[in-house]
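# Descriptive structure summary
In case you want the letters, here they are:
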Amino acid sequence: MLEDERGMTQLSTGDMLREARTSGTEMGNKVAAIMDAGELVTDQIVIGLIEEKLEADPEGSFIFDGFPRTLGQADALGALLDKKGQSLDAVIEMQVDDEALVSRITARSTCGNCGEGYNDLSKPIPADGKCVKCGGTEFKRRADDTADALRTRLMEYYKKTSPLLGYYYAKGDLKTIDGLGEIDEVQAAIGKILG
Ligand code: AMP
């Protein structure tokens, strides 16, 4: 929605890493087992991915999705933006309690053809088994959306990513919204922050 409304570009390190896996690059092979276990890949790899995207589009405005996830990544992002004479407009924390997060994540799937998202609870795959967007009939779930990997992902979040809340709070960038609302409510809350 932000991309459509504001012409921003979504930079998702998770999507970039999943793409690297399927393309069979050396880096993709290296990170596959780490991702499936729910652990974080090294700062060096994800910072390199982001740097490449920023350099390719000097005038762009970006949504950093799933990045930064460690203090080292946050420092590196600050340095990369400084170099470009840019800065973050806001850091948005979407608050969702762990139980709701786990039930949302274990229910989600995507169309294997066009990537349209589905959720068993809120947006089930149509009864005829065809994607609403493209008519595709193959649906997939992420390999790390399992109970075991999720436990690790949550622990990684608390150990390595949650310190970023204090880091960005101290810089005056942190905004917090309720991520439990309906999609249009969350969209409106983000829109209000971005102005
Ligand atoms: P996501 O799609 O954002 O949930 O990320 C999926 C997986 O990719 C994570 O569990 C990590 O293994 C890896 N990953 C994505 N972004 C990062 C990041 N910024 N730092 C380290 N690992 C990441």
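Right above here is the structure, for reference.
A brief look at the structure comes next. (Residues numbered from 1 in each chain as written. Predicted model: local features only at pLDDT ≥ 70, side-chain atom pairs only at ≥ 80, totals over all residues. Heavy atoms only, no water.)

## Looking at the side chain of S109
In plain terms, the rule: Numbering of helices and strands runs from the N terminus, with a helix taken as a DSSP run of H or I at least four residues long and a strand as a DSSP run of E at least two residues long. In this analysis, two residues are considered to be in contact whenever any of their non-hydrogen atoms come within 4.5 Å of each other.
For S109, the position within the fold is in strand β4 (residues 108–111). Beyond its immediate stretch of four places on either side in the chain, S109 contacts E116, G117, Y118, I125, K140 and R141.

## Focus on unusual backbone geometry
Cis peptide bonds are those with omega within 30 degrees of zero, and the linkage from F67 to P68 qualifies with 0°. With respect to the secondary-structure elements, P68 resides in the loop between β2 (62–65) and α5 (71–84).

## A few points about the site of the ligand
Stated precisely, the cut-off is as follows: One heavy atom within 4 Å of a molecule or strand makes the whole residue count as near it. By the criterion applied in these results, polar contacts are pairs of N or O atoms within 3.5 Å in which, for protein atoms, one can donate a hydrogen and the other can accept it, and in which residues neighboring in sequence qualify only through two side-chain atoms. Note on areas: Shrake-Rupley, 1.4 Å probe, and residue coverage restricted to the protein chains presented here.
Around the ligand, a shell composed of 16 residues is seen, among which T13, R18, E39, G66 and R142 lie nearest. A distance of 2.9 Å is found between an oxygen atom of the ligand and a side-chain nitrogen or oxygen belonging to R18. Relative to its unbound accessible surface of 480 Å², the ligand loses 94% to contact with the protein. With 4 residues, helix α2 (residues 13–22) is the largest single contributor of residues to the shell around the ligand.

## Description of the packing of aromatic side chains
Any two aromatic rings considered together are summarised by their centre-to-centre distance and by the angle between their planes. What counts here: Between rings of Phe, Tyr and Trp, where Trp is taken as its six-membered ring, a pair exists when centres lie within 6.5 Å; planes separated by under 30 degrees are stacked, by over 60 edge-to-face, and by other angles tilted. Whether a residue is buried, partly exposed or exposed follows from its accessible area with a 1.4 Å probe, protein chains only, as a fraction of its type maximum: under 20%, in between, or over 50%, in that order. In this analysis the charged atom, NZ for Lys or CZ for Arg, is taken to sit over a ring once it is within 6 Å of the ring centre and within 35 degrees of the ring normal.
Considering all chains together, one arrives at 5 aromatic pairs under this definition. When the centroid spacing of 6.2 Å and the interplanar angle of 45° are considered together, the rings of F62 and F64 count as tilted. Relative to Y168, the ring of Y167 has its centre 5.0 Å away and its plane inclined at 85°; by these criteria the two rings are edge-to-face. You'll find Y167 and Y168 in the same group, each marked buried. These aromatic residues form a ring-pair network of at least three members: F62, F64 and F67. Over the ring of Y118 we find K123; its NZ or CZ atom is 5.1 Å from the centre of that ring.

No statement about biological role is implied by the geometric values presented.
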